[in-house]
Amino acid sequence: MARAGKEQLRGNVASAIRDQIMARTVYPGDTLRLGQLAEELGVSVTPVREALLLLTQDGWVRHEPNRGFRVAAIRRKDVEDTYLMWSTAEGEIAARAATRATARDIDYLREIDQCIKKADPEDGHLATELNSTLHHYVSVIADAPKLDWFARAASRLVPLQFPENFHVVPGWSEVNRTEHAPIIDALAAGDVEAARAGTAAHFRGTGELLMRWLDSLDFWEEPDEPRAPRGQGRVSG
């Protein structure tokens, strides 16, 4: 298997495990069994181990010597800090793009924004894919690979991923339809400060929507002790 194929498989497995953590199929403190996950996901143990190591780097999982992998606690403050850094990086990317955007770039961004506005409200996946396309193109215009790296790293730490499922967050669809036009206007005008401030506020606002929704689900509540792995006896902490 080519290297790109292996990386894609690892990413897909990591996304599937992250989804289990989000859905509370597994809880903070639970042990993640390589063999069990491999069987559930229809893959070998190797990509599961690689995915768990990736999730360890991103803070979703703890790797404990002689104990294996456990689900890490997700703290509200950590997500707030992630959005602080993500919004800052995206703001700087937009500021850079404001100095480089051409008329053709602006036309393309407006075209994407119109597609977002015209999209079927019931087709949340299309809306999130278009959103990702728009923000990705702003980063292409900016040509700031280090800033883009920080933004992508922050996005992996958020407990809900684009473009798979962010449309379920209450209020996000309206934000997606209404908040891009002023950012594009700032890019068109070459207004660095407006592009920076508008984009940073856009991402901070998205983070606030996400955290309010997770608050309503009692997402941050942790069990008093580690739960027993599925199909296994209770594991001591």
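Thresholds, definitions, all that
Residues numbered from 1 in each chain as written. Predicted model: local features only at pLDDT ≥ 70, side-chain atom pairs only at ≥ 80, totals over all residues. Heavy atoms only, no water. Patch = residues over 30% accessible without salt bridge, like charges linked within 9 Å, V, L, I, M, F, W, Y side chains within 5 Å. Areas by Shrake-Rupley, 256 points an atom, 1.4 Å probe, with all protein chains shown as cover. Salt bridge = Lys/Arg side-chain N within 4 Å of Asp/Glu carboxyl O. Lys, Arg positive; Asp, Glu negative; His and termini not counted. Charge placed at Lys NZ, Arg CZ, Asp CG, Glu CD. Helix = DSSP H or I, 4+ residues; strand = E, 2+ residues; numbered from the N terminus. Buried < 20%, exposed > 50% of the residue type's maximum accessible area, 1.4 Å probe, protein only. Pairing = 2+ DSSP bridges. Contact = heavy atoms within 4.5 Å. Axes fitted to C-alpha atoms, helices over the stretch in contact; angles between N-to-C directions. Parallel < 35°, antiparallel > 145°, perpendicular 65-115°, else oblique. Left-handed = near helix turned anticlockwise from the far one by under 90°. Core = buried A, V, L, I, M, F, W, Y, C linked by side-chain atoms within 4.5 Å. Nonpolar A, V, L, I, M, F, W, Y, C, P; charged D, E, K, R; others polar.

Caption draft 1: Structural view of a negative patch on the surface. On the surface, a cluster of negative charge is contributed by Asp120, Glu122, Asp123 and Glu129. Inspection of the secondary structure assignment puts Glu122 in the loop between α5 (103-118) and α6 (124-142). Among the residues examined, Glu122 registers a relative accessible area of 71% and is labelled exposed.

Caption draft 2: Quick peek at the sheet that holds strand β3 (residues 68-71). The strand order β1-β3-β2 describes an open sheet built from 3 strands, whose pairing is antiparallel. Two strands bound the open sheet, and with one partner strand each, they are β1 (31-32) and β2 (61-64). Across 2 bridges, β1 lies against β3 in antiparallel orientation. Within β3, the position partnered with Thr31 by the bridge is Arg70. Contacting β1, β2 and β3, helix α3 (residues 45-57) runs over the sheet at an angle of about 110 degrees to β2.

Caption draft 3: Looking closely at the packing of α6 against helix α9 (residues 180-189). Interaxial distance between α6 and α9 falls to 13 Å at its minimum, and their mutual angle equals 20 degrees. In terms of orientation, α6 and α9 fall into the roughly parallel class. In this structure, α6 crosses over α9, and the sense of that crossing is left-handed. Of the residues in α9, those in contact with Asn131, Leu134, His135 and Val138 of α6 are His180, Ile184 and Leu187.

Caption draft 4: Just the pattern of salt bridges, in detail. The final tally for this structure, using the stated rule, is 15 salt bridges. Close ionic contact of Asp143 with Arg100 constitutes a salt bridge, the shortest N to O distance being 4.0 Å. Residue Asp143 is found in the loop between α6 and α7 (145-155), and its partner Arg100 is found in the loop between α4 (76-98) and α5; the two are separated by 43 residues along the sequence. Taking the relative accessible area as the measure of exposure, Arg100 reaches 43% and is therefore partly exposed. A cluster of three or more residues bridged by salt bridges with shared partners is formed by Arg76, Lys77, Glu80, Asp81 and Asp215.

Caption draft 5: Expanded view of the pairing of β3. Bridge analysis of β2 against β3 gives 4 bridges, and the strand direction is antiparallel. Its bridge partner lying in β3, Glu64 is registered against Gly68. Two successive antiparallel strands, β2 and β3, enclose a turn made up of 3 residues, where Asn66 displays a positive phi of approximately 70 degrees.

Caption draft 6: Layout of the nonpolar core. Membership of the largest hydrophobic core comes to 57 residues, with the highest contact counts inside it found for Ile17, Ile21, Leu32, Leu52, Val61, Leu187 and Leu210. The biggest single contributor to this core is α4, with 8 residues. Apart from the residues within four sequence positions on either side, Leu32 is in contact with Ile17, Val26, Leu37, Leu52, Val61, Phe69 and Val71.

Caption draft 7: Structural context of the packing of α4 against α7. Between α4 and α7, the least distance of the axes is 9 Å, while the angle of their chain directions is 150 degrees. When the axis of α4 is compared with that of α7, the two are roughly antiparallel. As α4 packs across α7, the resulting crossing turns out to be left-handed. From α4, Thr82, Trp86, Ala89, Glu90, Glu92, Ile93 and Arg96 reach across to α7, where they touch Leu147, Asp148, Phe150, Ala151, Ala154 and Ser155. Here the residues of the contact of α4 with α7 are counted per class, giving 7 nonpolar, 2 polar and 4 charged.

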